[in-house]
Amino acid sequence: MKMLQQIGDNIWIHDGATVSWYTMPYTTRMTVIRLNSGEIWIHSPAKISDELISDVNALGKVSYLVSPNKIHHLFMQEWMQQYPEAKSYAPPGLEEKRPDLHFDRALKDAPEPEWQEQIEQLIFKGSKVMEEVIFFHRESKTLIVTDLIENFHPDHFKGIKKLLAQMTGIISPNGKIWRMTFIGRKEAARDCLQTMINWQPDKIILAHGEWIQKNAVSFLKKSFHWLQ
Ligand SMILES: [Fe+2]
């Protein structure tokens with residue numbers, strides 16, 4: 001198992017290639033969960049490779065492919081082609097943006113029946129630019145976010161990019177980039193944050209930067225102090 005790192009019971013992460021986003025180097029992270037049925041659930045699929053496929057296949061049958069927000073779709077097509085029998089799930093706004101991709105279902109503000117026994121789900125509301133679907137794996141007490149929280153190490157960016165990252169607030173330990181897009185609509189976001197806190201996560205997986213290995217609730221409260 002070279003490409004996947006197990007971080008709890010029935011949950012793994014894969015740190016994928018760095019992609020460029022408005023010239024900024026963004027590391028990417030995919031999450032893999034094995035459901036009680038033995039089926040494999042994949043969140044924010046990363047660039048596919050033979051090694052990655054073989055590691056994932058060793059865990060079980062890939063049945064669910066989840067794109068968590070409308071800007072995390074770059075590698076969905078590769079995975080849909082690799083696993084034509086898997087069901088694919090679109091977040092708010094993605095089906096309009098990528099009509100060329102065929103999704104089986106639209107993600108809602110509640111867990112899908114296929115995984116509701118193991119995974120909680122909500123749509124994080126209140127941003128003017130994007131609604132991201134958030135998940136919580138009960139067994140490992142892991143919250144799974146994508147762009148909602150970014151947490152880059154202070155040395156990740158250099159020079160002018162570092163300055164830009166600091167200005168937008170994505171550097172650890174207080175990663176947050178979306179603040180501006182919630183102006184005037186904080187109420188809905190506050191409710192979502194409360195639900196996430198009520199889940200009592202230990203860990204937080206995020207797509208970009210360092211993931212949170214412990215004390216997740218206090219990290220959440222710190223990241224969203226501007227919402228309180
Ligand atoms: Fe992202």
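Residues numbered from 1 in each chain as written. Predicted model: local features only at pLDDT ≥ 70, side-chain atom pairs only at ≥ 80, totals over all residues.

Asker: An account of the overall build of the chain is needed here, citing residue identities and associated values.
Answerer: A count of helices and strands for the chain gives six helices and eleven strands. For 228 residues, the compact-globule estimate of 2.2 N^0.38 gives 17 Å, and the C-alpha radius of gyration of the chain, at 17 Å, lies within 12% of that figure. Its C-alpha atoms put the chain at 40 × 35 × 35 Å along the principal axes. For the chain, the proportion of its 228 residues judged to be buried stands at 41%. Pairs at least 24 apart in sequence give 52% of the contacts found in the chain among residues at least 6 apart. (Helix = DSSP H or I, 4+ residues; strand = E, 2+ residues; numbered from the N terminus. Rg over C-alpha atoms; globule rule 2.2 N^0.38 Å. Buried ≥ 20, exposed ≤ 12 C-beta atoms within 10 Å, placed from the backbone. Contact = placed C-beta atoms within 7 Å.)

Asker: Can you lay out the environment of Trp 115 for me, pointing to particular residues and giving the numbers?
Answerer: Within the fold, Trp 115 resides in the loop between β7 (105-106) and β8 (119-124). Spatially, the C-alpha atoms of Trp 115 and Gly 60 are 15 Å apart, while their sequence positions differ by 55 residues. The residues contacting Trp 115, other than those within four sequence positions of it, are Leu 35, Trp 41 and Tyr 64.

Asker: Could you give an account of helix α5 (residues 186-198), naming the residues involved and the relevant values?
Answerer: Here α5 contains 13 residues, and its C-alpha end-to-end distance of 18 Å stays within 8% of the 18 Å for a straight helix at 1.5 Å per residue. All of the buried residues along α5 are Ala 189, Cys 192, Leu 193 and Met 196. Viewed end-on, α5 has its buried residues packed into an arc of 100°, placing them on one side of the element. Exposed side of α5, more than 90 degrees from the buried face: Glu 187, Gln 194 and Asn 198 are the residues found there. (Expected span 1.5 Å × (residues − 1). Arc of directions from axis to C-beta.)

Asker: Give a detailed account of the environment of Ala 17, specifying residues and quantitative values.
Answerer: Looking at where Ala 17 falls in the secondary structure, it is placed in strand β2 (residues 11-21). It is 31 Å that separates the C-alpha atoms of Ala 17 and His 225, two residues lying 208 residues apart in sequence. Those residues in contact with Ala 17, other than ones at most four positions away along the chain, are Thr 28 and Lys 47.

Asker: Can you break down unusual backbone geometry residue by residue, with the values?
Answerer: Not every positive phi belongs to a glycine, and Asn 10 is a case in point at roughly 65°. At Asn 215, a position not held by glycine, the phi torsion is positive, near 50°. Structurally, Asn 215 can be placed in the loop between β11 (203-205) and α6 (216-223).

Asker: Describe the sheet that holds strand β10 (residues 142-144), listing the residues and the values that go with them.
Answerer: Spatial strand order, β8-β9-β10-β11: four strands in an open sheet with mixed pairing. Edge positions in the open sheet fall to β8 and β11, since each of these has one partner strand only. On average, each strand axis in the sheet is inclined to that of its neighbour by 20°, with strand direction left out of account. (Pairing = 2+ DSSP bridges. Axes fitted to C-alpha atoms, helices over the stretch in contact; angles between N-to-C directions.)

What is shown is where atoms sit, not what they do.
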